[in-house]
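Descriptive analysis of the structure
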Amino acid sequence: MGEKKDVQEKINLITRNLQEVLGEDKLHSILQERNLNVYWGTATTGKPHIAYFVPMSKIADFLKAGCEVTILFADLHAYLDNMKAPWELLQLRTQYYEHIIKAMLESIGVPTEKLKFVRGTDFQLSREYTLDVYRLSSVVTQHDAKKAGAEVVKQVEHPLLSGLLYPGLQALDEEYLKVDAQFGGIDQRKIFTFAEKCLPALGFAKRIHLMNPMVPGLTGGKMSSSEEESKIDLLDKREDVKKKMKRAFCEPGNVENNGILSFVRHVLFPLHEDFVILRDEKFGGNKTYLEYSKLENDFRDQTIHPGDLKSSVEVVLNNLLDPIRKKFQTPEMQQLIKEAYPTPKKQPKGTTKGPASENYEVIPSRLDIRVGRIVGVENHPDAESLYVEQVDIGEAQLRTVVSGLVPYVAAEDLLNRNVVMLCNLKPQKMRGIESQAMLLCASIEGEKRKVEPLNPPEGSEPGERVFIEGFENGPADDELKPKKKIFEKLQVDFKISDDCTAQWQQKNFMTKLGAVTCKSLKGGSIS
């Protein structure tokens, strides 16, 4: 009975807070005989941010469960993913990741001497590995490779062959690292199922796959290195942390897509097994929670104010970040940061200012499309066909939006309705009132034009990102340049499908909750 209890305790530690486990039977079987051998890999691209504490806290769980843990610095993968890490910076980025990951582990009390650290290029350039890449290419179709990397590899209009190689190499890593299991985020699921299918085709064993949920960013969507407002960097100063926490999406009573609550659940509780809400005595004083569920219930019931939650997380977060900041204050570390992440060179005079050259492609991820909620509607004082709407898109201030919907939609049908907003057009005045976004609608031309606002999935919240399938991860432009006509070029292919789904080139408009639709205008256009 004692041995069975010990195995169950290990399973509980290994699987707690995971979203999904593939290969549970194999996990149980191995733990009956010995400890699990597991690896976590990270591509050495943009600077790690606080969401990296989520896998770090799971690595702590794995070690408590007696697992042998390997951390892979996937430098070659970083280059293959649309050259997110240029070849000349590969070694420097990997050095930065090694220092910052070890500093994070030390900050949360994980003994790094119990971990094995490996660089991808230490074994991925060997003769044996290269031959297995060729063998793999003979049994994998282009379709399967592209599908496997859809949620991880950067999607562009004209993809490079390197992006198709990426999932296969990640699968082969399981064999060459001699592990029982691979650990990663739920966004890796397609690569994991790809590995389960293709490794046995080469005569290799199928591995266990352990998947974390994706922690929402500060704006409600995925926390991403490429989206500055969605994340807190590990080296951000205390004043920057305070500023970002204040702006973070944390609607009273809303526990969905709440990055602050998710951080408490997936990082702070596993590390400390309690959490203290700090508040003034006149509001009840400090309150200690020993279970996350009770904290979530109190926040849902609005007995915890978002401001108190934010300030309490800020204190604990700064305690985690302080030793990391200190380690990177040395001249050597400052020089490493400068060399690994050089400041982009200024564009020569006369050239167009904007994002890096690869982002000049006309691709949907350049559009900042979000869920909005219309909280006020009035008729424009100087134009009969225009409404002036006040729209909540998850920011501190409402946006004013002017739209020509008076002939098509009644004001009462717009009020308190969730809609889809294009948020990075240059603001422009319409009959004297500045419109700060565009409300996207389906329309059909005919004897009498019909127009319907697009509908986000039920349960969507203001500020949630709307993306096109396959273009989830690209950073949106801060502001679309009118002369480049990015929206106009993309909008030509915006259509409503036969099942009333909004699409671009037959790829669905999506949020994390599902597809964007309209009520009835099959075959319509979107503008």
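See the structure above.
Residues numbered from 1 in each chain as written. Predicted model: local features only at pLDDT ≥ 70, side-chain atom pairs only at ≥ 80, totals over all residues. Heavy atoms only, no water.

Next up on the list: the overall build of the chain. A count of helical and extended segments in the chain gives 16 helices and 23 strands. The C-alpha atoms of the chain give a radius of gyration of 25 Å, which matches the 24 Å a tight globule of 527 residues would have. Oriented by its inertia axes, the alpha-carbon framework of the chain measures out at about 75 × 65 × 55 Å. Per-residue burial for the chain yields a buried fraction of 53% across its 527 residues. Total accessible area on the chain stands at roughly 25600 Å², and carbon and sulfur atoms take up 49% of it. Measuring between centres, the 72 positive side-chain charges of the chain sit 4 Å from its 76 negative side-chain charges. (Helix = DSSP H or I, 4+ residues; strand = E, 2+ residues; numbered from the N terminus. Rg over C-alpha atoms; globule rule 2.2 N^0.38 Å. Buried < 20%, exposed > 50% of the residue type's maximum accessible area, 1.4 Å probe, protein only. Areas by Shrake-Rupley, 256 points an atom, 1.4 Å probe, with all protein chains shown as cover. Lys, Arg positive; Asp, Glu negative; His and termini not counted. Charge placed at Lys NZ, Arg CZ, Asp CG, Glu CD.)

Quick look at the pattern of salt bridges now. Side-chain pairs of opposite charge can arise whenever the charged atoms involved come near each other. As enumerated under the stated definition, the model contains 23 salt bridges in all. Note that Glu395 and Arg370 form a salt bridge whose closest N and O atoms lie 3.2 Å from each other. Of this pair, Glu395 sits in the loop between strand 10 (387-392) and strand 11 (399-403) while Arg370 sits in strand 9 (residues 369-379); the two residues are 25 residues apart in sequence, bridging distant segments of the chain. Notably, a salt bridge pairs Glu395 with Arg399, separated by 2.9 Å at the nearest N-O pair. With relative accessibility at 14%, the residue Arg399 sits in the buried group. Because the salt bridges share partners, they merge into one network encompassing Asp368, Arg370, Glu395 and Arg399. (Salt bridge = Lys/Arg side-chain N within 4 Å of Asp/Glu carboxyl O.)

Below, the discussion takes up a nonpolar patch on the surface. A contiguous nonpolar patch, built from Val276, Leu278 and Val315 and spanning about 190 Å² of accessible area, is present on the exposed surface. The topology assignment puts Val315 in helix 13 (residues 306-327). (Patch = residues over 30% accessible without salt bridge, like charges linked within 9 Å, V, L, I, M, F, W, Y side chains within 5 Å.)

Once that is clear, we can look at the layout of surface pockets. Over the atoms rolls a probe the size of a water molecule, and its path tells where empty space is left. As a volume, the second largest pocket reaches approximately 350 Å³. Val402, Ser403, Gly404, Met438 and Leu439 are, among the 21 residues lining the second largest pocket, the residues nearest its centre. Only strand 11, strand 13 (428-430), strand 15 (438-439) and strand 16 (441-444) provide two or more residues apiece to the lining of the second largest pocket. With three residues, the single largest contributor to the lining of the second largest pocket is strand 11. Residues that form the lining of the second largest pocket fall into these classes: 12 nonpolar, seven polar and two charged. (1 Å grid on protein atoms, 1.4 Å probe; cavity = no way out; pocket = protein on both sides within 12 Å on 5 of 7 lines; lining within 4 Å. Points joined across faces, edges and corners; volume = space filled by probe spheres on them. Nonpolar A, V, L, I, M, F, W, Y, C, P; charged D, E, K, R; others polar.)

One can describe the packing of helix 6 (residues 127-137) onto helix 8 (residues 161-176) by two numbers: an axis separation of 11 Å at closest approach and a directional angle of 130°. Classified by the angle between their axes, helix 6 and helix 8 sit oblique to one another. Between helix 6 and helix 8 the crossing geometry is right-handed. Facing Glu128, Tyr129, Asp132, Val133 and Leu136 of helix 6, the residues of helix 8 in contact are Gly168, Leu169, Leu172, Asp173 and Tyr176. Partitioned by chemical class, the residues of the contact of helix 6 with helix 8 number six nonpolar, one polar and three charged. (Axes fitted to C-alpha atoms, helices over the stretch in contact; angles between N-to-C directions. Parallel < 35°, antiparallel > 145°, perpendicular 65-115°, else oblique. Left-handed = near helix turned anticlockwise from the far one by under 90°. Contact = heavy atoms within 4.5 Å.)

Turning our eyes to something else, we now look at the environment of Ala442. By secondary structure assignment, the location of Ala442 is in strand 16. In this structure Ala442 comes out as buried when scored by relative accessible area, which is 0%. Considering only alpha carbons, one finds Ala442 and Ile526, 84 residues apart in sequence, at a separation of 4.5 Å. The contacts of Ala442, once residues within four sequence positions are left out, are Lys450, Val451, Glu452, Leu454, Ile496, Cys518, Leu521 and Ser525.

A separate point is the environment of Val391. Among the structural elements, Val391 can be located in strand 10. In this structure, the C-alpha to C-alpha distance between Val391 and Ala515, residues 124 residues apart in sequence, is 21 Å. With sequence-adjacent residues up to four places away left out, Val391 is seen in contact with Gly372, Arg373, Ile374, Leu398, Arg399, Val401 and Met421.

Taken as a whole, helix 6 has its buried residues at Tyr129, Asp132, Val133 and Leu136. Each buried residue of helix 6 sits inside an arc of 105° when the element is viewed along its axis, so together they form one side. Along helix 6, exposed side chains directed more than 90 degrees from the buried face belong to Arg127 and Tyr134. (Arc of directions from axis to C-beta.)

For the rest of this paragraph, the subject is unusual backbone geometry. Although it is not a glycine, Glu273 adopts a positive phi angle of roughly 65°. With respect to the helices and strands, the residue Glu273 is situated in the loop between helix 11 (259-272) and strand 7 (275-277). Judged by its relative accessible area of 54%, Glu273 falls in the exposed class. Its identity as a non-glycine residue notwithstanding, Gln302 has a phi of 65°, on the positive side. Relative to the elements of secondary structure, Gln302 occurs in the loop between helix 12 (292-300) and helix 13.

A word on the packing of aromatic side chains. This structure, assessed with the given rule, holds 14 aromatic pairs. On the basis of an interplanar angle of 70° and a centroid distance of 6.5 Å, the ring pair of Tyr52 and Tyr97 is categorised as edge-to-face. Of this pair, Tyr52 sits in the loop between strand 2 (37-43) and helix 3 (53-64) while Tyr97 sits in helix 5 (residues 90-107); the two residues are 45 residues apart in sequence, bridging distant segments of the chain. A residue is classified by how much of its surface remains accessible, and Tyr97, at 0% relative accessible area, is buried. An angle of 75° between the planes, with centres 5.0 Å apart, marks the rings of Tyr79 and Trp87 as edge-to-face. Here Tyr79 falls in the partly exposed class, since its relative accessible area comes to 26%. (Phe/Tyr/Trp six-rings, centres within 6.5 Å; stacked < 30°, edge-to-face > 60°.)

Note that all results are geometric; they support no functional claim without further evidence.
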